[in-house]
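Take a look at the letters that make up each chain.
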Amino acid sequence: MKKYYFIGFLLLIAGCALSSCRDQDEIYKEFITVGGKRYPQTTENASGKTGYYKAFLSWLKPIDPSITKTTIYWWEGAEKKSVTIEGSSYPFSKADTVGVYINNLDETDYTFYLYTEDSEGNHSVQRDVSVTVRGDIYVDSLTDRLIESTTVDSDGVCLITWGQKTSNLSCTEVKYKSTSGEQVVRTSASSSTTRITDYDFTAAEPFEYRSVFANDSWCEDFNKPWVQGTSFNK
């Protein structure tokens, strides 16, 4: 009986080894040669996020050791940007993600075309990433969080009470003149009040505020323009 257990154990190990080999074959199957031309590994898990007149593209660092760079094209190839790739990596980890910002874009839809290139100048097959780039038109469509009231208590503490949280609101910033100079405080979207303990009542300058918006599909926060509030008086 022990003999059969031992044989079964050996078969299990052999099966795992074969499975591992097949996994490796699957990993490297994209490094193909067709008609004498070699196609390096394409960009894996490529994705894009929108920013303010920019886009952020990311993908997994290639495991093909011959790849030296990734080139990104847009506007049907009229514009491009190259990213140098140093070394290869397997297995993948978060640190193996390659990322690049594409700046100075228009507020419109983009399709980016990604190609890897190896040390011999061979190019991979194309990978597409679509991103809707945001700008002033989109920022103008975002809704500020409104002020419900402003009060000053007997200890000179200024309190701003905010209205209902708006869509994608991350926080509200308040800029004011304190007894030690200009200050900016942030109030998270989950809080309904801003408390100021060092307002300069002598200068009595109006505070300013703006809403800051965030979303997982964005590569950065979007800020509304500063809006002038009121002065606090004891």
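This text gives an overview of the structure that appears in the document. (Residues numbered from 1 in each chain as written. Predicted model: local features only at pLDDT ≥ 70, side-chain atom pairs only at ≥ 80, totals over all residues. Heavy atoms only, no water.)

**Overview of the nonpolar core**
Buried together is how nonpolar side chains tend to be arranged in soluble globular proteins. To be explicit about the condition: As used in this record, nonpolar core signifies buried Ala, Val, Leu, Ile, Met, Phe, Trp, Tyr and Cys residues forming a set joined through side-chain atoms within 4.5 Å. The buried label applies to any residue whose accessible area, calculated with a 1.4 Å probe on protein chains only, is under 20% of its type's maximum; exposed applies above 50%, and partly exposed to all values in between. When checking whether two residues touch, look at their non-hydrogen atoms; a contact exists if any pair is within 4.5 Å.
Ranked by internal contacts, the top residues of the largest apolar core, which has 18 residues, are Leu57, Trp59, Ile72, Leu105 and Phe112. When near neighbours in sequence (up to four residues on either side) are disregarded, Phe112 contacts Ala55, Leu57, Ile72, Tyr73, Trp74, Ile102, Leu105, Arg127, Asp128, Val129 and Val131. Of all hydrophobic cores here, the second largest spans 10 residues; its members include Tyr176, Ile196, Tyr209 and Phe232.

**Thoughts on the pattern of salt bridges**
Operational definition: Each reported salt bridge corresponds to a side-chain nitrogen of Lys or Arg within 4 Å of a carboxyl oxygen of Asp or Glu. Starting at the N terminus, helices and strands are each numbered in turn, a helix being any DSSP run of H or I of at least four residues and a strand any DSSP run of E of at least two.
The tally for this structure, following the rule as stated, stands at 7 salt bridges. Its salt-bridge partner being Glu173, residue Arg210 comes within 2.7 Å of it at the nearest N-O pair. In this pair, Arg210 sits in strand S15 (residues 208–213) while Glu173 sits in strand S12 (residues 169–178), placing the two residues 37 residues apart along the sequence. With respect to burial, Arg210 and Glu173 carry one shared label: buried. Between Glu208 and Lys175 there is a salt bridge, with its nearest N and O atoms 3.9 Å apart. Highlighted residues: Glu208 in strand S15 and Lys175 in strand S12, separated in sequence by 33 residues. Among the residues examined, Lys175 registers a relative accessible area of 17% and is labelled buried. Taken together, the shared-partner salt bridges connect Glu173, Arg186 and Arg210 into one network.

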